[in-house]
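Okay, here's what each chain looks like letter by letter:
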Amino acid sequence: MAPPARPSGTAPRRRSVARTYLVVHTVVLLAAGAAVLALLAVDARQTARAEAEATTDAFVDALDRDPFVREAAADAYERTAEGIEPRSAIVADASAQLQPYVEEIIATGDVDYVTIMHPDRTRYTHADPDEIGGPFVGTIEPALEGRTVTEVYEGTLGASLRTTGPVVEGGEVVGLVSAGVLLRDVSAAEVSRLVVVGGVTLLFVASGIVAMFAMFRRLDRVTDSRAPGELRAAFDEQRELTDVRTIADALRAQVHETDNRLHTIASLIELGRTDEALELATDRLGEGQRLMDRVVGAPDQPVIAALMLGKSAQAHELGVEMHFETHLEPGTQGLDAGDVVTILGNLLDNAIDAAAAARREGTPPWVEAYLATDEAGELTFQVSDSGAGVPPAERERIFRRGVSSKGDGDGRHGYGLALVERTVSRLGGGIEVGEAAGGGAEFTVILPRGAD
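Note that the coordinates shown come from a computational prediction; the quantities given were computed from them, not determined experimentally. (Residues numbered from 1 in each chain as written. Predicted model: local features only at pLDDT ≥ 70, side-chain atom pairs only at ≥ 80, totals over all residues. Heavy atoms only, no water.)

S.K.: An account of the overall build of the protein chain is requested, with residue identities and associated values reported.
M.R.: The secondary structure content of the protein chain amounts to 10 helices and nine strands. Buried positions account for 37% of the 452 residues belonging to the protein chain. Sequence-distant contacts, at least 24 apart, represent 64% of the contacts inside the protein chain between residues at least 6 apart. Per element, the accessible surface of the protein chain, about 25,000 Å² overall, is 55% carbon and sulfur. (Helix = DSSP H or I, 4+ residues; strand = E, 2+ residues; numbered from the N terminus. Buried < 20%, exposed > 50% of the residue type's maximum accessible area, 1.4 Å probe, protein only. Contact = heavy atoms within 4.5 Å. Areas by Shrake-Rupley, 256 points an atom, 1.4 Å probe, with all protein chains shown as cover.)

Structure, rendered in structure tokens:
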């Protein structure tokens, strides 16, 4: 069955990069918060149990050593062993001594009950007086052997965490003591801890969501609410504009240089210095033709010719000497013109800027460009300069977007080499950074043969 048609005049709803960022990171943050709360709940439970166990251990240990408890338990034990008196009377006497004492301890302590008993489980004390004289419900075997045991047990008061230990007199176990905390109290302690730590966690999660929403607003403004595909198209368009701008800048420099020469030539003619004017005019024309011949060698390479001529004029303006050597054969590189401009244009821009900066520090400025193809048809672009060079530790970092050695802080630099690296990678080539003669930088790009 065919899916229902979309109503006329509606378009599929797109999700912008900013909205995707907000949704994904909010989900991740909430999931992380839930995981943290779960871990905190487990930790709170374990902590509450550990504290309850430590409390019952401490009570049992203190009562086992209490002279009053030991004396009362030993007296009841001996009278029971003699078998002369009724058992009920012995239990009643022991309870009359120990029950008020235990009730006072419970009122001022952190346990819910304390049971003191004969080794045969008969209770002398209990939180419910009606249970006195009845059998203790729980594990006593380790205590009869002189050890303490802690367990969770369902007793007459409900489930509790309890510790049971021996009362020893004269080297003999004459009684047992059990102190316990009801699990409902342990759960209350767990909840109390969880409320505190959970509140803090939720506060951090809420703060994170607020921060992410602020980032979403900013990212939405920066990306103009565009979807990923739209951003990719905009980036490709920007790359093309960068390529065009590179050629335009190069041609602008050439036009500026030509304009200066024409003014100079006109002034020389007005002064009657026609020979000098003619020499100046033909010298530049000859240099341009020689450059064209070296760079191209054939009329089917206009992009490289225009780029090299423009960069030569740009370098001349900055007092940088340009040298070109090319072994390109007509029509063999098969590369997109925009890609050539991106790679060569940005490498030459960096080289000219580096050489010009070195010139200000007293180093003779020069830039060399070498273009060739090998037998396999691989294309080599090599650009060297007399600048400060690139330290080995920085030779990978400089290709990251936004990283620049031009410390003007205006945000316009740090993109050229990133574009070069991206273009070279897309074309399946490689780029290396080395040291030129004299310590400057040397960039070598090797590209596979393109489609002729």
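S.K.: How would you sum up the sheet that holds strand β6 (residues 366–373)? Please name residues and give values.
M.R.: Taken together, the five strands give an open sheet; going across it, the order is β5-β6-β7-β9-β8, and neighbouring strands pair in mixed fashion. Either end of the sheet is taken by a strand with one partner, and the two such strands are β5 (321–327) and β8 (430–435). Between one strand axis and the next, the sheet turns by 10 degrees as a mean value, whatever way the strands run. One ladder, built from seven bridges, connects β5 with β6; its direction is parallel. The residue of β6 that forms the bridge with M322 is V367. Packed on one face of the sheet, helix α9 (residues 337–360) meets β5, β6, β7 (379–385) and β9 (441–447) and runs near 15 degrees to β7. (Pairing = 2+ DSSP bridges. Axes fitted to C-alpha atoms, helices over the stretch in contact; angles between N-to-C directions.)

S.K.: Talk me through the nonpolar core; I want residue IDs and the actual numbers.
M.R.: In terms of nonpolar packing, the biggest core is built from 35 residues, with V367, F381 and F443 touching the most fellow members. Of all the elements, α9 adds the most residues to this core, at nine residues. Once residues lying within four places of it in the same chain are set aside, the contact partners of F443 are L347, F381, Q382, V383, V390, I398, F399, L417, I431, E432 and V433. By size, the runner-up hydrophobic cluster in this structure holds 26 residues, among which are F59, A76, V167 and A179. (Core = buried A, V, L, I, M, F, W, Y, C linked by side-chain atoms within 4.5 Å.)

S.K.: Residues and numbers for empty space enclosed by the protein, please.
M.R.: Under the counting rule described, the total for this entry stands at two cavities of 30 Å³ or more. In this structure, the largest cavity encloses a volume near 100 Å³. Within the residue set of the lining of the largest cavity, elements represented by two or more residues are β1 (113–117) and β3 (158–169). If you tally residues by element for the lining of the largest cavity, the top one is β3, at three residues. Looking at the lining of the largest cavity, its residues break down into five nonpolar, six polar and two charged. Volume-wise, the second largest cavity comes out at about 30 Å³. Forming the boundary of the second largest cavity are A72, D75, A76, R79, I90, D93, A94 and Q97. (1 Å grid on protein atoms, 1.4 Å probe; cavity = no way out; pocket = protein on both sides within 12 Å on 5 of 7 lines; lining within 4 Å. Points joined across faces, edges and corners; volume = space filled by probe spheres on them. Nonpolar A, V, L, I, M, F, W, Y, C, P; charged D, E, K, R; others polar.)

The values are spatial; any link to function lies outside them.
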